[in-house]
Amino acid sequence: MTLRSRTTPAQVPPAELTTLALSRPSVALQQARSVLESSSDPVARSFAYQAAGIVHRENGEMTEAIGHLRQGLRAARRTGSLERTADVEATLGATLVMNGRTRIGLKHLDAAADAATGSVLATVLMRRAYILSQLGRHGEALTDMGKALKGIRAAGDVVWEGRALTNRGLIHLARGSLTRAESDFVRAGALLEAAHQELEAVDAVEHQGLVAFTRGDLPRALALYDEAARRYAPVAAAPPELAIDRSAVLLAAGLAHEAVSVIEEALAEPAMQPRSRAELLLAEANASLAANDPTKALAAATEARSLFRRQDRAWWADRADLAAIRARRDRGETGPALLRAGTAVAFRLQALRAEDAPHALLLAGRLATVRGDPSAHELLTAAARYQRNPSALVRATGWLASALDRDANGNTRGVYAACARGLEALDEHRMSLGSSELRALATRHGEELSQLATRSAVASGDARRILHWSERWRATALTQPPVRPRLSQRSRQAPGPPEDVEARKGAAAPIGLEQAIRSQRHQLSGVAGVSTRFNVPDFVDSLGADTFIELLEVEETLHAVVARAGRVRTQVVGPIGAALAAVTATRFALRQSARGRPTTLDGVGDRLQTALLGPAARLLGSGPVVISPSSRLHDTPWSLLPVLSERPVAVVPSAVMWQRAKAATPPAAARLVLVAGPGLKTGGAEVSVLADSGSAAVVLRNGAATVANCLKALDGASLAHIAAHGQFRPDSPMFSSLVMHDGPLTVHDLELLHRAPHRLVLSACDSGVMVPVGANELLGLASVLLSLGTAGIVSSIAEVNDEATVGLMLDVHAGLATGAGLAEVMLAARQRARGDLVTEATAAAFVALGV
């Protein structure tokens, strides 16, 4: 670790230098050098060399560490004290193992244990137990640790007791005994804190984060890791283990690329213990697999495996083997050699009770299934036994294995049952998260379960069953309102001069501030509840004159489910690639029109209709239509489809969200809010017209449209209209924003609302665009408002012409004043726009989300 300078305290006695080396390493190294320069006493010199060796070891400088410890051992032998010699030899032995020289290191540790007695024997056994646990020999490690704790407590040494409890906690954790591990870490932290062992006390906090993660409590794990990083900072750089743990949590949260970045940053440190480098490489392999980079993962896993084998760390080598096999599979390899390797490593990890065992068994089972090997049933059944694991993610893995096994055996009913149980486990995981972003990303864990059940339903041809399974894992994160943080951590830029407004209108928050806000939100815990259940018969009966269309993707093919007049029917539409290409071409045409290069939309709608509805277009009847597209098709201008152009069309993330929108009630007291942001070419002309129309309204413009004022006005409004420049952030959709006079109003800010506006009109470009994330989830301005309870939103899914937008928005408000719904209002506005290419394109770019 990189040492940081601090005020140097008074010189401590030589016997206390080894304790100081693990609490204030830079001070210990300085004082050890002072002793070596000034003293010829072999006892003092043995302590000084030992302390210097420990500091260099923790700093990854293994050559220097081993050199100092060998000198310390020679000095200890000159003292004639077996206890002093045993203590230094144990430190040397542990350091040699950490450097990958396992056999000689264990010999030194065994020799130290044979020579030591009393309290020194206890500390030697504790160090040997730690090393044995690192080698995967957990049973032997627990035996040593039990003897060590008994001796340490008899001697009354609280520092060594704290260390022993920390190490025993790690052994319990490796064996899956989470309650015992947590108890040891909490007690160790208290003892080490009281003894002013700052670094080791923080280690105990970091390990508590690992327990929280293993239990599936991601927000608590992230909070504990952030606390550990904050507490490491004054005394030393965070150890590689913290990067590994944080990476694992980020992977569980669906943040694969962030996990890769965390590991790459740690690997860039110039000085590092070989054992730490090997563990970081394994973490890099796992993160790269999640980031869909199997080539990089294979290289990292291969290097990690080589290092682990040189270090005689068989348990770790097996885990690296697993990562390498996953990478080879993801690169397209499916041969018998890969199956043999996968099966062998799966059973080895199962025997070791490793946390990777269920994933290894599932992987081997998949490989066997692909090859038609009879071992598939045994492997998948073994993976299915983890269905009762404390971690919801591991339970879901067990249920996925069961579903795959049943699918291979033609047991369709069993597939549905297993997928249902697996998704219930993932509901629990998702609801433990307070962050909208993490909840959406976490649905990725259920994608295969959902697809497996949906694929089975499609094969059955039962339209109602298809609708049920399509809805089961669609926009589930939106059914949970965001958890409001106690305090907002964002800051405000002071408004600049008027001439700066145009330059600032798309400015994002500083990267450091964005990271702080994301970190705060990621640590929010969810609120326990029951996942919303979808009842197909009730939904179909509630449609009335509406026709409901749900588009779903199954194995790159687009399917449509159409519910109308009490019937549910299904059609195969065509390849999803053709649908995406048609949408992209249409959005380009709309963008050209918005920029003053009008393009005729003749023929565009026909292409869209063929690609997005196909034969399902014939099933729609003549009434209003509600569409729930797959997440990748949400930015479609639906009104351009000929079959939809002359009817009210509403767009919703899911049938469940449509039901919720219809059931939403407006505030008892009607309140209109009108907001005009800075830098608009039209000056927010529609806001001025609406404000002067005689309707009582809260009007924010001419510098009054600040973030705070806007949030206050929006809270509980019955109808709000915001005319402002928008910035869509596909890289970080929760920071998509509308520009106010003092800076961006972000999605994160909107989550601070106690009650979202009942209806909202957003006239900004791309204000309705949402990013597909996770499994059929959406993130963006509109998604968070729907999650908060907004019943309906008018927003654009493409760039729009500012001047044409003004007239369109006035038509929208005129329609709303009559009591019409959003879909009816937008139909009337489109009809009035006809005759002018730019105005028609502008009207087509706006959609009605909800009611």
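Given the structure is predicted, the values throughout are model-derived calculations rather than measurements. Starting afresh in each chain, residues are numbered from 1 along the sequence in its written order. The predicted nature of this model means local features are confined to residues of pLDDT at least 70 and side-chain atom pairs, given and counted, to a pLDDT of 80 or more, with totals for whole chains, interfaces and linings taken over all residues. Note that the side-chain values use all heavy atoms of the structure and ignore hydrogens as well as water.

### Looking at the environment of alanine 115
Okay, so step 1: Secondary structure elements follow DSSP: runs of H or I no shorter than four residues count as helices, runs of E no shorter than two count as strands, and numbering proceeds from the N terminus. Mapped onto the fold, alanine 115 is located in helix H6 (residues 102–115).
Okay, so step 2: Distance from alanine 115 to alanine 86, taken between C-alpha atoms, is 6.2 Å for residues 29 residues apart in sequence.
Okay, so step 3: In this analysis, two residues are considered to be in contact whenever any of their non-hydrogen atoms come within 4.5 Å of each other. Setting aside chain neighbours within four positions, we find alanine 115 in contact with Leu82, Glu83 and Ala86.

### Some remarks on a positive patch on the surface
Okay, so step 1: Here the term patch refers to residues with relative accessible area over 30% and no salt bridge, with like charges joined within 9 Å and nonpolar side chains (Val, Leu, Ile, Met, Phe, Trp, Tyr) within 5 Å. Under the convention used here, a 1.4 Å probe and the Shrake-Rupley method define accessible areas, while residue burial counts only the protein chains that appear. The term salt bridge refers to a side-chain nitrogen of Lys or Arg lying within 4 Å of a carboxyl oxygen of Asp or Glu. His is not counted, nor are the chain ends; Lys and Arg add positive charge and Asp and Glu add negative charge. In this description, the location of a charge corresponds to atom NZ of lysine, CZ of arginine, CG of aspartate or CD of glutamate. On the surface, Arg70, Arg74, Arg78 and Arg101 cluster together to form a positively charged patch.
Okay, so step 2: Here arginine 101 shows up in the loop between helix H5 (82–98) and H6.

### Things to note about unusual backbone geometry
Okay, so step 1: Even without being a glycine, histidine 196 presents a positive backbone phi close to 60°.
Okay, so step 2: Looking at where histidine 196 falls in the secondary structure, it is placed in the loop between helix H10 (178–194) and helix H11 (198–215).
Okay, so step 3: The backbone phi angle of alanine 475 is positive, close to 50°, even though this residue is not glycine.
Okay, so step 4: A 1.4 Å probe rolled over the protein chains alone gives each residue an accessible area, and that area as a share of the maximum for its type sets the label: buried under 20%, exposed over 50%, partly exposed in between. In this structure alanine 475 comes out as buried when scored by relative accessible area, which is 2%.

### Structural notes on the packing of aromatic side chains
Okay, so step 1: Two aromatic rings from Phe, Tyr or Trp, using only the six-membered ring of Trp, form a pair when their centres are within 6.5 Å; if the ring planes differ by under 30 degrees the pair is stacked, by over 60 it is edge-to-face, and anything between is tilted. On inspection of all chains with the given rule, the structure shows five aromatic pairs.
Okay, so step 2: With a centroid separation of 5.3 Å and an interplanar angle of 85°, the aromatic rings of tryptophan 315 and tryptophan 316 are classed as edge-to-face. With respect to class, tryptophan 315 is no different from tryptophan 316; both count as buried.
Okay, so step 3: Taking the ring centre of tryptophan 160 as reference, the NZ or CZ of arginine 163 above it sits at 4.7 Å. Over a ring means this: the NZ of a Lys or the CZ of an Arg is within 6 Å of the ring centre and within 35 degrees of the ring normal.

### Regarding the sheet that holds strand E9 (residues 726–727)
Okay, so step 1: Strands were regarded as paired on the criterion that DSSP finds at least two bridges between them. Read across the sheet, three strands follow the order E9-E10-E11 without closing on themselves; strand pairing throughout is antiparallel. Where the open sheet ends on each side, the last strands, each with one partner, are E9 and strand E11 (743–746).
Okay, so step 2: Relative to E11, strand E10 (residues 737–740) runs antiparallel, the two being bridged by four bridges. Residue pairing in the sheet places valine 739 in a bridge with proline 744 of E11.
Okay, so step 3: Lines fitted to C-alpha atoms define the axes, with helix axes restricted to the stretch in contact, and inter-axis angles between N-to-C directions lie between 0 and 180 degrees. Most of the contacts of helix H33 (residues 707–714) go to E11, to which it runs at about 30°, and overall it touches E10 and E11.

### Here's the deal with the pattern of salt bridges
Okay, so step 1: Per the counting criterion, the structure on display carries 40 salt bridges.
Okay, so step 2: Notably, a salt bridge pairs arginine 533 with aspartate 427, separated by 3.8 Å at the nearest N-O pair. Linking arginine 533 in the loop between helix H27 (511–522) and helix H28 (536–542) with aspartate 427 in helix H22 (residues 412–431), this pair joins segments that are 106 residues apart in sequence.
Okay, so step 3: Judged by relative accessible area, aspartate 427 falls into the buried class, the value being 2%.
Okay, so step 4: A salt bridge links arginine 455 to glutamate 555, with the shortest nitrogen-to-oxygen separation between them at 3.7 Å. Taken together, the residues arginine 455 in helix H24 (residues 447–460) and glutamate 555 in the loop between strand E1 (547–554) and strand E2 (557–564) connect sequence positions 100 residues apart.
Okay, so step 5: Relative accessible area serves as the criterion here: at 30%, arginine 455 is assigned to the partly exposed category.

### Some remarks on the nonpolar core
Okay, so step 1: The term nonpolar core refers to a set of buried residues drawn from Ala, Val, Leu, Ile, Met, Phe, Trp, Tyr and Cys, joined through side-chain atoms within 4.5 Å. Ile722 and Met740 are the most contacted members of the largest nonpolar core, which totals 231 residues.
Okay, so step 2: Ranked by residue count, the leading element in this core is helix H17 (residues 314–330), at nine residues.
Okay, so step 3: Other than its neighbours up to four places away in sequence, methionine 740 contacts Val675, Pro678, Ala705, Thr706, Val707, Cys710, Ile722, Ala724 and Leu745.
Okay, so step 4: Ranked by size, the runner-up nonpolar core spans 32 residues in total, among them Met62, Ala112, Ala116 and Met126.

### A few points about the sheet that holds strand E15 (residues 792–796)
Okay, so step 1: Taken together, the 11 strands give an open sheet; going across it, the order is E3-E2-E1-E4-E5-E16-E15-E12-E8-E6-E7, and neighbouring strands pair in mixed fashion. The open sheet has two edge strands, strand E3 (567–575) and strand E7 (697–700), and neither has a second partner. Adjacent strand axes in the sheet meet at a mean angle of 20°, parallel and antiparallel pairs treated alike.
Okay, so step 2: Of the strand pairs in this sheet, strand E5 (residues 649–651) and strand E16 (residues 846–850) are connected by two bridges, and their pairing is parallel. Residue valine 651 lies in a different strand from E16, and its bridge partner there is leucine 849.
Okay, so step 3: Strand contacts of helix H29 (residues 576–594): E1, E2 and E3, with the helix running at about 80° to E3, the strand carrying the most contacts.
Okay, so step 4: Against the sheet, helix H30 (residues 604–612) engages E1, E2 and E3, with an angle of about 110° to E3.

### Notes on empty space enclosed by the protein
To locate leftover empty space, one rolls a probe as large as a water molecule over the atoms.
Okay, so step 1: A cavity here means a set of 1 Å grid points, computed over protein atoms only, where a 1.4 Å probe fits but cannot escape. A pocket is an open set with protein on both sides within 12 Å along at least 5 of 7 lines, and lining residues have an atom within 4 Å of a point. Grid points are joined across faces, edges and corners, and a volume is the space filled by probe spheres set on the points. Scanning the model with the defined rule gives six cavities of 30 Å³ or more in all.
Okay, so step 2: Considered as a void within the structure, the largest cavity measures approximately 80 Å³ in volume.
Okay, so step 3: Along the walls of the largest cavity sit 16 residues, with Ser436, Leu478, Leu778, Leu779 and Ser783 positioned nearest its centre.
Okay, so step 4: Within the residue set of the lining of the largest cavity, elements represented by two or more residues are helix H23 (436–442), strand E14 (777–779) and helix H35 (781–788).
Okay, so step 5: For the second largest cavity, the calculated volume is near 70 Å³.
Okay, so step 6: Residue lining of the second largest cavity: Pro637, Trp638, Ser639, Val649, Val651, Met826, Arg830, Ala844, Phe846, Val847 and Ala848, and that is the complete set.
Okay, so step 7: At the level of elements, E5, helix H37 (822–833) and E16 are the ones that each hand at least two residues to the lining of the second largest cavity.

### Describing H35
Okay, so step 1: Of all eight residues making up H35, eight are buried, and the element is well covered by its neighbours.
Okay, so step 2: Considered for burial, the residues of H35 that qualify are Leu781, Ala782, Ser783, Val784, Leu785, Leu786, Ser787 and Leu788.
Okay, so step 3: Within two residues after H35, glycine 789 carries a phi angle of roughly 120°, on the positive side.

### Considering the environment of tyrosine 386
Okay, so step 1: Along the chain, the position of tyrosine 386 falls in the loop between helix H20 (375–384) and helix H21 (392–408).
Okay, so step 2: For the pair tyrosine 386 and glutamate 61, spaced 325 residues apart in sequence, the C-alpha to C-alpha distance is 41 Å.
Okay, so step 3: Setting aside chain neighbours within four positions, we find tyrosine 386 in contact with Gln350, Ala357, Pro358, Leu361, Val394 and Arg395.

### Some thoughts on the packing of H11 against helix H12 (residues 218–232)
Okay, so step 1: Where H11 meets H12, the closest approach of the two axes is 7 Å, and the angle between their N-to-C directions is 165°. For the element pair H11 / H12, the angle class is roughly antiparallel. In this structure, the crossing between H11 and H12 has a hand that is left-handed. Contacts between H11 and H12 involve Leu199, Ala201, Val202, Asp203, Val205, Glu206, Gln208, Gly209, Leu210, Ala212 and Phe213 from the first element and Leu218, Arg220, Ala221, Leu224, Tyr225, Glu227, Ala228, Arg231 and Tyr232 from the second.
Okay, so step 2: Residues that form the contact of H11 with H12 fall into these classes: 13 nonpolar, two polar and five charged. For classification purposes, an angle smaller than 35 degrees is called roughly parallel, one larger than 145 roughly antiparallel, one from 65 to 115 roughly perpendicular, and anything else oblique. Handedness of a helix crossing follows the sense of rotation of the near helix relative to the far helix, less than a right angle counterclockwise being left-handed and clockwise being right-handed. Amino acids are sorted into nonpolar (Ala, Val, Leu, Ile, Met, Phe, Trp, Tyr, Cys and Pro), charged (Asp, Glu, Lys and Arg) and polar (every other residue, Gly among them).

### Here we look at the pairing of E1
Okay, so step 1: Burial of E1 is extensive: eight of the eight residues sit out of reach of the surface.
Okay, so step 2: Side-chain alternation along E1 places Thr547, Ile549, Leu551 and Glu553 on one buried face and Phe548, Glu550, Leu552 and Val554 on a second face that is also buried.
Okay, so step 3: Where E1 meets strand E4 (residues 625–628), four bridges bridge the pair, whose relative direction is parallel. By the bridge assignment, phenylalanine 548 is partnered in E4 with valine 626.
Okay, so step 4: From the end of E1 to the start of E2, which pair antiparallel, there are two residues, and glutamate 555 there has a positive phi angle of about 50°.

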